[in-house]
Each structure stands twice: as structure tokens, then as C-alpha cells.
Amino acid sequence: MGPHAASKPLTLSEQADELEEKMMNELNDKIATKSALFAMADGSLDYVGGAELQARNPGKYFLMGADPRLPKMPDKPTLIDFFKHRFVSMNHLLQSATLALKAGHEEKVVLACLLHDVGVAGFIRCDHGYWGAQLIEPYVAEEVSWAVRVHQALRFFPDESVGYKYPDMYRKYFGPDYQPEPYIVEEYKRARSHKYYMTARLICVNDIYSFDPDAKVNLDDFVDIIGRNFKQPKEGLGFDNTPSSHMWRTLMWPTRFL
Ligand SMILES: [Fe+2]
Ligand SMILES: [Fe+2]
């Protein structure tokens, strides 16, 4: 029970004020900023410039580092650190990878399953296969990142040879008449004849949509496979000057002003 449980309920604007004050305290009086994309997720193109935002928060500076509301990241973060402190839906990835492991697939396939939805878990849903692939590309075999990229398209197309049908879940989520966009259809056609097609297809086969609260999954089961197949930079992800270092940094510091 909160401090107001016994008194009159707060009005919406009082609640908003209280929330803002609480956030500000947790931020050690720094101003955290929401990027344009965060506002777009609320259907808004509202933009408040730096000067005005600071004027609304007199005497305060903008946050230019770690957001104290989020779990603390180490100085040289590893993939495991991102799993533990940033990815919001680890269970789906672990369940998928566990299934691939039990099916006896090779380590590259297991890693591809473990990482297939890092786009969703760490960033954004739209085009999650592409974002996820780009994020991991400098650190994994081409087979793994390629498979992560195209699994997004393959999910919509059956492959009887491995017993993969169009997911019932998609019918439930998107309606019976949903048709993938032409760029997804084109991606699928290109992928069919690609040398790593089956790796991407196996992501779909091992992709689990039903959340099983009793499933016994543990990130520890995959530490060795990650160690052998993910080139962890000694400087830490984000500080190793690869084409995706900035993406890891943004994930680490999503509310920095710049
Ligand atoms: Fe996916
Ligand atoms: Fe998935």
C-alpha cells in the first residue's frame, strides 16, 4: 500500500506530478530525455527543444550517461551483461535455444536461436530481424547474423520439409487476412536459395510462441556456447569501434541527451 492508500485518491495531474518528482529524485536531479522515437510510440510528433526542457527543470543538467533508474552496467559490458541487465524478454530466447540444443543442432544454430529476437528484446519490434542481425554482425559467424536477419521473413512462409506451418499465433495476432509486405515476400524468395537457408528456417522451427512459466531455462547453459561463438571484445560491447558499437551504447544509455 502506498502512502495515499487511506486518503482521497489523487487526481490524474497530481499523479503525474508525483511520478515526475519521483523520477527526478531517482535520476539524481538530472533530466532524462526521450528520443523522437519514444514519443512516436505514443502517436506523437511532439518535440521539446533542449532550452525549453531545461527551462522547465530549473537548475538541472541533462543526463549524459547512465540512467540510474536502469540496472547498472559494468565498464566493459559483455553479451551476458546485456542479457541480464537490458534484454526485456530473455525467457523466449532461452526457451528457443533450449529447444534447439535438445534437438541436437550445431552450436551456430543454437546461438542463432538464442539471439534471434535480440531486436525485440533490446530495441524495437519493427524489422526486429534486421536490427538484431546488425547488432550482432561484427561478433558472430555470417551464418548466424544472416539467419537472424531473415527469420523475420521466413516466419510467414511454411516449409513442409521440416514440418513448419504458418503460425496459428500469427493468425490470432494479425487476423486471418494478413499478408506480409512485398519486401518481406522478396526477402523470403531470396532466402530460399541461400546457402544458409536452413539455419534461418531452424530458428523458425525452434521459435516458441507460447510462454511456458514452468519451463526450466537458464542462461548458464549457454555461457560456453556464447564463449565459443560470440567474439566478445576485450574493450566491452560499445567501446570496440565496430559498425554496431553505437547500437550497444544506445541500449546501455537510452536516455542520454546526446
Ligand atoms: Fe522473431
Ligand atoms: Fe521468436
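Model, not experiment: these values are computed from the prediction.

A. Region of interest: the overall build of the protein chain. Across its full length, the protein chain carries 14 helices and 0 strands. Taken from the N to the C terminus, the helices and strands of the protein chain come in the order α-α-α-α-α-α-α-α-α-α-α-α-α-α. Over its C-alpha atoms, taken along the principal directions, the protein chain stretches across nearly 65 × 45 × 40 Å. In the protein chain, buried positions account for 39% of the 258 residues. Counted over contacts in the protein chain with a minimum sequence separation of 6, partners at least 24 positions apart contribute 72%. Carbon and sulfur atoms make up 55% of the accessible area of the protein chain, which totals about 15,200 Å². Both charge centroids of the protein chain, one from 30 positive and one from 35 negative side chains, sit 3 Å from each other.

B. The coordination of the iron ion (ligand 1), seen in detail. On the protein side, the iron ion (ligand 1) has Asp-117 (OD), His-128 (NE2) and His-151 (NE2) as donor atoms, found 2.1 to 2.2 Å from it. Along the chain, the residues that donate to the iron ion (ligand 1) are spaced as D-x10-H-x22-H. A gap of 3.7 Å separates the iron ion (ligand 1) and the iron ion (ligand 2), which Asp-117 links by coordinating each metal. In this pair, Asp-117 is assigned in the loop between helix 6 (107-115) and helix 7 (118-122) and His-128 in helix 8 (residues 128-136), connecting sequence segments 11 residues apart. When sorted by exposure, Asp-117 lands in the same class as His-128, which is buried.

C. View of helix 5 (residues 90-102). Counted at 1.5 Å a residue, the expected span for helix 5 with its 13 residues is 18 Å, and the 18 Å between its end C-alpha atoms agrees. Among all positions of helix 5, only Leu-93, Leu-94, Gln-95, Ser-96, Ala-97, Thr-98 and Ala-100 are buried. In this structure, the buried side of helix 5 is in contact with helix 4 (79-85), helix 6, helix 7 and helix 12 (197-206). Just downstream of helix 5, Gly-104 is the residue with a positive phi angle, here 80°.

D. Structural context of a nonpolar patch on the surface. A cluster of nonpolar side chains, namely Leu-37, Phe-38, Met-40 and Leu-45, defines an oily patch on the protein surface of about 420 Å² accessible area. The topology assignment puts Leu-37 in helix 2 (residues 36-40).

E. Quick peek at the confidence of the model for the protein chain. Looking at the protein chain as a whole, its pLDDT mean stands at 92, while 94% of the residues score no less than 70. Confidence over residues 1-5 falls short of pLDDT 50; this stretch has 2 contacts with residues more than four positions distant or in other chains.

F. Main features of the packing of aromatic side chains. This model, assessed by the stated rule, comprises 16 aromatic pairs. Where Tyr-139 meets Phe-230, the ring centres are 5.3 Å apart and the plane angle is 25°; that geometry is what we call stacked. Within this pair, whereas Tyr-139 is found in the loop between helix 8 and helix 9 (142-154), its partner Phe-230 is found in the loop between helix 13 (223-229) and helix 14 (245-252), the two being separated by 91 residues in sequence. Between the aromatic rings of Phe-156 and Tyr-170, the centroid separation amounts to 5.0 Å while the plane-to-plane angle is 40°, which identifies the pairing as tilted. With a gap of 14 residues between them, Phe-156 in the loop between helix 9 and helix 10 (168-174) and Tyr-170 in helix 10 connect regions that are remote in the sequence. Overall, the relative accessible area of 13% leaves Phe-156 in the buried class.

Analysis parameters
- Residues numbered from 1 in each chain as written.
- Chains lettered and ligands numbered in written order.
- Predicted model: local features only at pLDDT ≥ 70, side-chain atom pairs only at ≥ 80, totals over all residues.
- Heavy atoms only, no water.
- Helix = DSSP H or I, 4+ residues; strand = E, 2+ residues; numbered from the N terminus.
- Buried < 20%, exposed > 50% of the residue type's maximum accessible area, 1.4 Å probe, protein only.
- Contact = heavy atoms within 4.5 Å.
- Areas by Shrake-Rupley, 256 points an atom, 1.4 Å probe, with all protein chains shown as cover.
- Lys, Arg positive; Asp, Glu negative; His and termini not counted.
- Charge placed at Lys NZ, Arg CZ, Asp CG, Glu CD.
- Donors = N, O, S within 2.8 Å, 3.2 Å for Na, K, Ca; no water.
- Expected span 1.5 Å × (residues − 1).
- Patch = residues over 30% accessible without salt bridge, like charges linked within 9 Å, V, L, I, M, F, W, Y side chains within 5 Å.
- Salt bridge = Lys/Arg side-chain N within 4 Å of Asp/Glu carboxyl O.
- pLDDT = per-residue confidence, 0-100.
- Phe/Tyr/Trp six-rings, centres within 6.5 Å; stacked < 30°, edge-to-face > 60°.

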